[in-house]
Every structure is written in structure tokens, then in C-alpha cells.
Amino acid sequence: MKCSSDPNYCLPKAVLNEKEVAAVMNAADITDPLGLRGRAIMEVLYSTGVRRMELAGLKLHDVDMERGALMVRQGKGKKDRVIPIGDRAIAWINKYLLTVRPELVSGLDDGTLFLSRFGDAFTPSSLSDCVRVYVQKADIGKTGACHLFRHAMATQMLENGADIRFIQAMLGHADISTTQIYTQVSIRQLKEIHTATHPAKLERKTPQEALPESDSGDLLQTLAAEAEEEGES
């Protein structure tokens, strides 16, 4: 962990900036079917900040392309949540669905969104292995896998002015002390904040005022602890 003068505000050493995210994305060879699948997976991780287990469990019907929303079922703590997903990620999902997924399906199709080369759902470890290859290929001097994108999304949205409560709702953090955001914030409002502050957009609305570093630091430390818990620190 890399800390500022405030002992309560610590940044993990492997947080990706926007250029590094782009480098990892571009490390996937999209002329290859599995490379295109890898790009789609990373775009979803970066756009939504979902955990690797949550991504592995996504079904085709969990993606609402018209509304730009994603249903995460039985996330950590066995809770469901609906979160925004950006247009760019949706575009890559569409490419994957049209050109790659039909070739990966084998036997009975249970509707799992992202399929392994064997035609079944990814395990968390195999998903990490898939993403880690692109991190290594990008040669950015940082290590990690799926959690890098979760952390990058949260950090970059904070830097662009998103209220920490909205980010906590997207991440599915159970302890939201400021307000019970799940009952007070609609998916429409979450979508507006996501569109305004997520870096993977062509245009950005005027950001909200960012919260103090001490509050942001608590969120970032929680994310770092998650990475260690999932074995992706």
C-alpha cells in the first residue's frame, strides 16, 4: 500500500490509470475469437466493477442492452443488485455474442454469458488466468487480474467527481453508512452518474464535487482488502 501524509488514506500500488487500462485492453488480439472474448470480459469488468465471481455467473438475460443495465444475482452476501453498464461495454458484448459465443457453445446451453474454450462457465481462477495474460502482455509494470478493473473503475470515477455512495452501490458494498442507497437511488440515477464520471465515455457531464480524501481512502482500502481476500492482490 502507498500512503499519503494522511494515515487514513492509502492507495494500493497496483491501481491502473486510464492509459494503463487502455494498454491492457489493447493487448487482446480481437482478430482472434478468444482475444475478442477477452476484450469483452475486460470491458464489462471495467465498466461495471463487478467481482470475478459475479461476472462468471452472468446469464444472457442479465444484460439489459436497451436500458444499459446489468443484473448481478446473488453477489457477495447473497444479494442481488442492478447496476449501470456503459455503451462501450455493451458494444463489445454484442460483438462477442454475434461472432464468438456461438462457436463456443457445446451441448446444452444454460445461457451463461461468457463461456470458456470448453463451452462452460468460467471458474473464478480460470477467469483470473484469462485476464492476467493481457496484463502481462501489456508490460505496464503492474501485476494482477480481474480486480484491477474493479479498482480502476472506482478510483477513476472518484477522481472524476462521483459521489462515493453511488460507487459503493455499484460495487455492492454492504456497509453504506451515509445512506441506505439501495432503497433511495434508482438505476436511472446510477446510470446518470456512471455516464458522467466513468472514463470509458466520449463525452462527460459536469462532475459532482468529490468527497474528501479520508472518505475516498476508506473505499480504496476496502477494495484492496477484497483483492487480498480473492487472492488477486
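For every chain, the first residue of the written sequence is number 1, and numbering continues from 1 along that sequence. Note on the predicted model: pLDDT of at least 70 is required for a residue's local features to be given, and 80 or more for side-chain atom pairs to be given and counted; whole-chain, interface and lining totals, by contrast, use all residues. Hydrogens and water molecules were not included; the side-chain quantities draw on all heavy atoms of the structure.

Draft legend 1. Region of interest: the environment of Glu232. Looking at the secondary structure, you find Glu232 in the segment after helix H11 (213-229). Using a 1.4 Å probe on the protein chains alone, a residue whose accessible area is under 20% of its type maximum counts as buried, one over 50% counts as exposed, and one in between counts as partly exposed. Among the residues examined, Glu232 registers a relative accessible area of 6% and is labelled buried. With 87 residues separating them along the chain, Glu232 and Ala145 place their C-alpha atoms 6.6 Å apart. By definition, residues are in contact when any of their heavy atoms lie within 4.5 Å. Excluding residues that lie within four positions of it along the chain, Glu232 makes contacts with Arg52, Ser128, Ala145, Cys146, His147 and Ala227. Where helices and strands are cited, they refer to DSSP runs of H or I of at least four residues and of E of at least two residues respectively, numbered from the N terminus.

Draft legend 2. Seen up close, the nonpolar core. What makes a nonpolar core is a set of buried Ala, Val, Leu, Ile, Met, Phe, Trp, Tyr and Cys residues whose side-chain atoms join them at distances within 4.5 Å. The biggest cluster of nonpolar side chains holds 47 residues, and the ones touching the most others in it are Val24, Ile41, Leu55, Tyr96, Phe114, Val131 and Phe149. In terms of residue count, helix H2 (residues 33-48) provides more of this core than any other element does, eight residues in total. The contacts of Val131, once residues within four sequence positions are left out, are Ile41, Met42, Leu45, Ala145, Cys146 and Phe149.

Draft legend 3. Here's a closer look at the pairing of strand E4 (residues 69-72). We treat two strands as partners when DSSP finds at least two bridges between them. The pairing of strand E3 (residues 63-64) with E4 spans two bridges and is antiparallel. Across the sheet, Val63 pairs through a bridge with Leu70, a residue of E4. Count of turn residues in the E3/E4 antiparallel hairpin: four residues, of which Gly68 carries a positive phi of about 70°. Inspection of the sheet shows E4 paired to strand E5 (residues 81-84) by four bridges, in the antiparallel sense. Bridging across to E5, Leu70 finds its partner in Ile83.

Draft legend 4. Focus on the pattern of salt bridges. Salt bridges are defined by distance alone: a side-chain nitrogen of Lys or Arg within 4 Å of a carboxyl oxygen of Asp or Glu. All told, the structure shown has eleven salt bridges when counted by the stated rule. Residues Arg88 and Glu43 are paired through a salt bridge, measuring 3.0 Å at the closest nitrogen-oxygen approach. With Arg88 in helix H4 (residues 87-99) and Glu43 in helix H2, the pair connects residues that are 45 residues apart, well separated along the chain. The class for Glu43 is buried, based on a relative accessible area of 1%. A salt bridge links Asp163 to Arg165; the nearest nitrogen and oxygen atoms lie 2.7 Å apart. You can call Arg165 partly exposed: its relative accessible area is 27%. The network of salt bridges with shared partners includes Arg39, Glu43 and Arg88.

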